[in-house]
Amino acid sequence: MNKPVRIAVTGCAGNIGYALLFRIAAGDMLGPDQPVILHLLEVTPALKALEGVSMELRDCAFPLLADIVATDDPAVGFKDADYAILVGARPRGPGMERKDLLEANGAIFTVQGKALNDHASRGVKVLVVGNPANTNALIAMRSAPDLDPRQFTAMMRLDHNRAISQLAAKTGSTVPAIRRMTVWGNHSSTQYPDISHTLVDGRPAPELVDQAWLETDFIPTVQQRGAAIIAARGASSAASAASAAIDHMRTWALGTADGDWVSMGIPSDGSYGIPEGIIYSYPVTCRDGRYEIVQNLPVSAFSRARMDATARELLEEREAVQHLL
Ligand code: NAD
Ligand code: LMR
């Protein structure tokens, strides 16, 4: 058995938290040989509910769950954290765009970025889930000047998984048969799910589906999936979001499969002509706990327009939170 690692999760009394913590403790995130100490962070009024979550976690008698720290103090919650999953934030309701949450949620991430800067392990890997995830990750990153910007990521894996699932259904294929899916840009309705380089059972996906389906079905379905879940469930996605967070962290820590890549929101380094500094989703491979952008993919005019549109939205969001940066 390895030495336990500390995993901090915020928003633990919320919907995603309830779907996430038990799977982490069961070993789904870091595997069956990695004990974990869970740091559960909530706001003060939710501490009673958090106590209930802690009790249930203990009642599962998970062999990998070495300890629990439950707190409303970010300094305690992020102390020595090796991983931090920032979920705690307001979800949107029907008729809202995720960026409408910037005002309500943005300030949370200055406080948490600073606390990570001051208290987390120097190698902490941070995933922002709370919406609008990319710009919240930017706020947290900019609030943590002593950490490497590459330690801050935003969740695009739910969009990536949604895109894979849609394509598998359309082509009568299976999820494991699909490789090299890409979702570019923002976790918003401007995101660009791109199958240009995707393989289905080793065959190029663009040969298997027509352009009309891509434009009128696949792309809008993936872009609008969050809103469709809210309309159907009356609440935003929770179990699928938790599952994607686990996928994101597992891939980042343990690596991508040979010949495959995933989509992660990361600080743009200017690759593919995207402005530097915004948190933009790129295709990445992961190895030894580090990610690298997949370079030199040909970009069609169709893709270029969509990649730029979602970058423009991220620049606008950055402008709107300039006072928090
Ligand atoms: P929820 O309302 O059920 O739970 C949120 C929890 O966060 C609450 O318990 C609240 O008390 C807590 N919280 C609020 N501020 C906090 C703070 N400063 N520190 C610690 N905890 C805090 O919401 P949910 O359904 O769990 O969703 C959480 C967030 O995740 C929302 O912003 C939602 O839009 C977002 N989300 C993102 C994705 C994605 O793909 N990036 C997917 C689904 C949901
Ligand atoms: C999602 O994509 O399901 C989440 O970001 C929730 C939302 O507001 O759409």
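- The name recorded for the protein chain in an unreviewed UniProt entry is Malate dehydrogenase, from Immundisolibacter cernigliae.
- The UniProt entry for the protein chain carries the following comment under Catalytic activity (unreviewed entry): "(S)-malate + NAD(+) = oxaloacetate + NADH + H(+)".
- Looking at the Function (unreviewed entry) heading of the UniProt record, one finds this comment for the protein chain: "Catalyzes the reversible oxidation of malate to oxaloacetate."

Brief notes about the packing of helix α6 (residues 157-170) against helix α9 (residues 239-254)
Then comes step 1: With their axes 8 Å apart at the nearest point, α6 and α9 run at an angle of 105° to one another. As judged from the angle between their axes, α6 and α9 are roughly perpendicular. Contact with α6, carried on its side by R157, L158 and N161, involves S240, A241, A244, D247, H248 and T251 of α9 and no other residues of that element.
Then comes step 2: Looking at the contact of α6 with α9 residue by residue, the classes come out as three nonpolar, four polar and two charged.

A closer look at the UniProt feature "domain: Lactate/malate dehydrogenase C-terminal" (unreviewed entry) in the protein chain
Then comes step 1: The residues that UniProt annotates with the feature "domain: Lactate/malate dehydrogenase C-terminal" (unreviewed entry) are residues 157-323.
Then comes step 2: Span residues 157-323 is 43% helix and 19% strand, its end C-alpha atoms 29 Å apart.

Re the pairing of strand β4 (residues 83-86)
Then comes step 1: Side-chain alternation along β4 places Y83 and I85 on one buried face and A84 and L86 on a second face that is also buried.
Then comes step 2: Sheet analysis places strand β1 (residues 5-10) next to β4, joined by four bridges and oriented parallel. Across the sheet, A8 pairs through a bridge with A84, a residue of β4.
Then comes step 3: Pairing of β4 with strand β5 (residues 125-128) involves four bridges; the strand directions are parallel. Looking at β5, one finds that Y83 is bridged to K125.

A short note on the side chain of K125
Then comes step 1: Counting through the fold element by element, K125 comes out in strand β5.
Then comes step 2: A distance of 3.1 Å separates the side chain of K125 from the backbone oxygen of G289, its partner in a polar contact.
Then comes step 3: Residues within four places of K125 in sequence aside, it is in contact with D82, Y83, A84, Q151, M249, W252, A253 and G289.

Quick look at the packing of helix α1 (residues 15-25) against helix α2 (residues 47-59)
Then comes step 1: At a minimum axis separation of 11 Å, α1 and α2 run at an interaxial angle of 30°. The angle between α1 and α2 falls in the class roughly parallel. For the element pair α1 and α2, the recorded crossing hand is right-handed. On α2, the residues that touch Y18, L21, F22 and A25 of α1 are V53, E56 and L57.
Then comes step 2: A class-by-class count of the residues in the contact of α1 with α2 yields six nonpolar, no polar and one charged.

Topic: the pattern of salt bridges
Then comes step 1: Within this structure, the stated rule accounts for six salt bridges.
Then comes step 2: Among the salt bridges present, the one from R162 reaches D159, with a minimum N-O distance of 3.9 Å. In this pair, R162 and D159 are both assigned in helix α6, three residues apart and thus about one turn of the helix distant.
Then comes step 3: A residue is classified by how much of its surface remains accessible, and D159, at 0% relative accessible area, is buried.

Observations concerning α1
Then comes step 1: Taken together, the buried positions of α1 are occupied by I16, G17, L20, L21, F22, I24 and A25.
Then comes step 2: One or two positions beyond α1, positive phi appears at G27, with a value near 100°.

Side note on the site of ligand 1
Then comes step 1: Near ligand 1 there are 26 residues, and of these N15, E42, R90, V129 and N131 occur at the shortest range.
Then comes step 2: The contact in question runs from an oxygen atom of ligand 1 to an N or O atom on the backbone of G14, over 3.4 Å.
Then comes step 3: For ligand 1, a nitrogen atom lies 3.1 Å from a polar atom in the backbone of V129.
Then comes step 4: Those elements that place two or more of their residues in the shell around ligand 1 are α1 and α4 (102-119).
Then comes step 5: In terms of residue class, the shell around ligand 1 is built from 13 nonpolar, 11 polar and two charged.

What about the domain arrangement of the protein chain?
Then comes step 1: In terms of domains, the protein chain is made up of domain 1 (5-154) and domain 2 (156-324).
Then comes step 2: Once you take the C-alpha centre of each, domain 1 and domain 2 turn out to be 22 Å apart.
Then comes step 3: At the junction of the two partners, domain 1 supplies 41 residues and domain 2 supplies 44 residues.
Then comes step 4: Taken together, the two surfaces of domain 1 and domain 2 that pack against each other cover about 3,400 Å², and 63% of this comes from carbon and sulfur.
Then comes step 5: Our enumeration of links across domain 1 and domain 2 arrives at 11 residue pairs in polar contact (both at pLDDT 80 or more).
Then comes step 6: Mapped by element, the contributors of at least two residues to the side of domain 1 that touches domain 2 are α1, β4, α4, β5, α5 (133-142) and β6 (152-154).
Then comes step 7: Of the residues belonging to the side of domain 1 that touches domain 2, the class tally is 24 nonpolar, nine polar and eight charged.

Reading the values: rules and limits
- Residues numbered from 1 in each chain as written.
- Chains lettered and ligands numbered in written order.
- Predicted model: local features only at pLDDT ≥ 70, side-chain atom pairs only at ≥ 80, totals over all residues.
- Heavy atoms only, no water.
- UniProt positions renumbered as here; feature names shortened; annotations may be inferred.
- Axes fitted to C-alpha atoms, helices over the stretch in contact; angles between N-to-C directions.
- Helix = DSSP H or I, 4+ residues; strand = E, 2+ residues; numbered from the N terminus.
- Parallel < 35°, antiparallel > 145°, perpendicular 65-115°, else oblique.
- Contact = heavy atoms within 4.5 Å.
- Nonpolar A, V, L, I, M, F, W, Y, C, P; charged D, E, K, R; others polar.
- Buried < 20%, exposed > 50% of the residue type's maximum accessible area, 1.4 Å probe, protein only.
- Pairing = 2+ DSSP bridges.
- Polar contact = N/O pair within 3.5 Å; in protein donor to acceptor, adjacent residues only side chain to side chain.
- Left-handed = near helix turned anticlockwise from the far one by under 90°.
- Salt bridge = Lys/Arg side-chain N within 4 Å of Asp/Glu carboxyl O.
- Near = heavy atom within 4 Å.
- Domains from an automatic or database assignment.
- Buried area = accessible area lost by both parts, 1.4 Å probe.

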